Amino acid sequence: MAGQSLDPKHWVTERNDDTGNAFSLEIKQKVQEVTSPFQHIEVYETTKFGYLMLIDGFTMVSTRENFIYHEMMSHPALFTHPNPKNVVIIGGGDCGTLKEVLKHPGIEQATQIDIDEQVTRLSEEYFPELCESNNDPRASILFDDGIKFMAEALPESIDVIIVDSTDPVGPGEGLFNHAFYQSCVKALRQGGLLVQQSESPLIHMPLLKDMRQAMLDSGFADLQTLLFPQMIYPSGWWSCTIASKGQSVPIMREADAKDRPFETLYYSEQVHAGAQALPPFMKKAFEA
Ligand code: SAM
């Protein structure tokens, strides 16, 4: 099969000309295509990965593998913050991150703000397992621009902000700059944490360095980038970056993570510890 071109009738491909790579999944059929006021959204039924959603041609989430990303975008930050109660998720319209956040019994309020209601409506239909906590009394699901929401947020009102957004293009672009980070610093309580999906350490290192620098320049005191596999994103190797307000990023609450009162498929206290280990090329890039 090597070298054979992929018939678009049977394969969906995300092609990235800027990084010279592409990713494909074998499909049975396209089941939905919606152009919202913000984005172009497609949903495919794949042969081996369940459903797959793309936004503006970029793979977002598949049934089979999304647990890694959603667990790693929520549990490391929530087991790093000393006592998280009020969490805000920017983006995350498929509701998978919200579901993971609400597994933490100490959480009192989880607010999800996605700019595009269509993402959530399609997730309710094709990824219902990600939406099963949407009716939790602690959950609020809003449809608005996360940039605006954060700029208008009450000062010192949030413990953890999770930015589970698209890449820094289109509506997601403004979630990776100084102005947004400054509004996050203002909205976070002392000791509060921002955690943001921070792209691929292999093929997006300049962007990751810029993000980290913008976070520090905007007033965050300390950063911690964690690594994890993310099969359907470019390179398959992904990261999230935790930024802390007013103090160093705390040590993981290892005992709490070990004794977590809920099931996870990828996250554990050992995986959390391992995710913090940065390879030499990254340490060097971050120190430069
Ligand atoms: N959680 C998914 C996964 O498992 O890979 C991928 C991320 S999620 C689908 C990305 C979301 O960011 C989209 O639903 C998009 O609508 C949202 N988004 C992009 N820009 C936004 C903004 N400025 N404010 C709020 N949400 C935004």
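It should be emphasised that the depicted structure is a prediction, and the values quoted were computed from it without experimental measurement.

**Examining the sheet that holds strand β1 (residues 11–16)**
At step 1: Taken in spatial order, the 5 strands of this open sheet run β1-β2-β3-β4-β5, and their pairing is antiparallel. In this open sheet, the two edge strands, each paired with only one partner strand, are β1 and β5 (58–62). Here the average twist between neighbouring strands, direction ignored, is 50 degrees.
At step 2: Across 5 bridges, the pairing between strand β3 (residues 40–46) and strand β4 (residues 51–55) is antiparallel. Residue isoleucine 41 lies in a different strand from β4, and its bridge partner there is isoleucine 55.

**Some remarks on the domain arrangement of the protein chain**
At step 1: Taken domain by domain, the protein chain holds domain 1 (11–62) and domain 2 (66–287).
At step 2: One C-alpha centre belongs to domain 1, the other to domain 2, and the line joining them spans 23 Å.
At step 3: Taken together, the contact pairs 24 residues of domain 1 with 24 residues of domain 2.
At step 4: Summing the contributions of domain 1 and of domain 2, the shared interface buries around 2100 Å²; its carbon and sulfur component is 72%.
At step 5: Contact with domain 2 buries area across many residues of domain 1, yet Phe38, Met60 and Val61 alone supply 22% of it, more than any other trio.
At step 6: Viewed at the interface, domain 2 and domain 1 are joined by 0 salt bridges.

**Section: the sheet that holds strand β7 (residues 109–114)**
At step 1: If you walk across this open sheet you meet the 7 strands as β8-β7-β6-β9-β10-β12-β11, and the pairing is mixed. The outermost strands of the open sheet, each flanked by one partner alone, are β8 (139–143) and β11 (222–229). Taken over all neighbouring pairs, the strand axes of this sheet differ in orientation by 15 degrees on average, direction set aside.
At step 2: Where strand β6 (residues 86–91) meets strand β9 (residues 158–164), 5 bridges bridge the pair, whose relative direction is parallel.

**Observations regarding the nonpolar core**
At step 1: Val87, Val101 and Ile162 are the most contacted members of the largest nonpolar core, which totals 40 residues.
At step 2: Here this core spans two domains, and each of domain 1 (11–62) and domain 2 (66–287) adds at least three residues to it.
At step 3: Those residues in contact with valine 101, other than ones at most four positions away along the chain, are Ser74, Leu78, Val87, Ile89, Ile107, Ala110 and Ile162.
At step 4: Residues Phe180, Tyr181, Val185 and Leu188 belong to the second largest nonpolar core, which totals 23 residues.

**Some points on empty space enclosed by the protein**
At step 1: Summed over all chains, the structure comprises 2 cavities of 30 Å³ or more.
At step 2: Forming the boundary of the largest cavity are 26 residues, of which Gly91, Asp114, Asp164, Ser165 and Thr166 lie nearest the centre.
At step 3: Taken together, the elements giving at least two residues each to the lining of the largest cavity come down to β4, β5, α1 (66–72), β6 and β7.
At step 4: Taken together, the residues of the lining of the largest cavity sort by class into 12 nonpolar, 9 polar and 5 charged.
At step 5: Each of domain 1 (11–62) and domain 2 (66–287) contributes no fewer than three residues to the lining of the largest cavity.
At step 6: Volume-wise, the second largest cavity comes out at about 80 Å³.
At step 7: Taken together, Glu14, Phe58, Thr59, Met60, Tyr69, Ser165, Thr166, Asp167, Gln197, Tyr233, Pro234 and Trp238 form the lining of the second largest cavity.
At step 8: The residue makeup of the lining of the second largest cavity, split by class, is 6 nonpolar, 4 polar and 2 charged.
At step 9: Two domains share the lining of the second largest cavity, each providing at least three of its residues, namely domain 1 (11–62) and domain 2 (66–287).

Cut-offs and rules
Residues numbered from 1 in each chain as written. Predicted model: local features only at pLDDT ≥ 70, side-chain atom pairs only at ≥ 80, totals over all residues. Heavy atoms only, no water. Pairing = 2+ DSSP bridges. Helix = DSSP H or I, 4+ residues; strand = E, 2+ residues; numbered from the N terminus. Axes fitted to C-alpha atoms, helices over the stretch in contact; angles between N-to-C directions. Domains from an automatic or database assignment. Contact = heavy atoms within 4.5 Å. Buried area = accessible area lost by both parts, 1.4 Å probe. Salt bridge = Lys/Arg side-chain N within 4 Å of Asp/Glu carboxyl O. Core = buried A, V, L, I, M, F, W, Y, C linked by side-chain atoms within 4.5 Å. Buried < 20%, exposed > 50% of the residue type's maximum accessible area, 1.4 Å probe, protein only. 1 Å grid on protein atoms, 1.4 Å probe; cavity = no way out; pocket = protein on both sides within 12 Å on 5 of 7 lines; lining within 4 Å. Points joined across faces, edges and corners; volume = space filled by probe spheres on them. Nonpolar A, V, L, I, M, F, W, Y, C, P; charged D, E, K, R; others polar.

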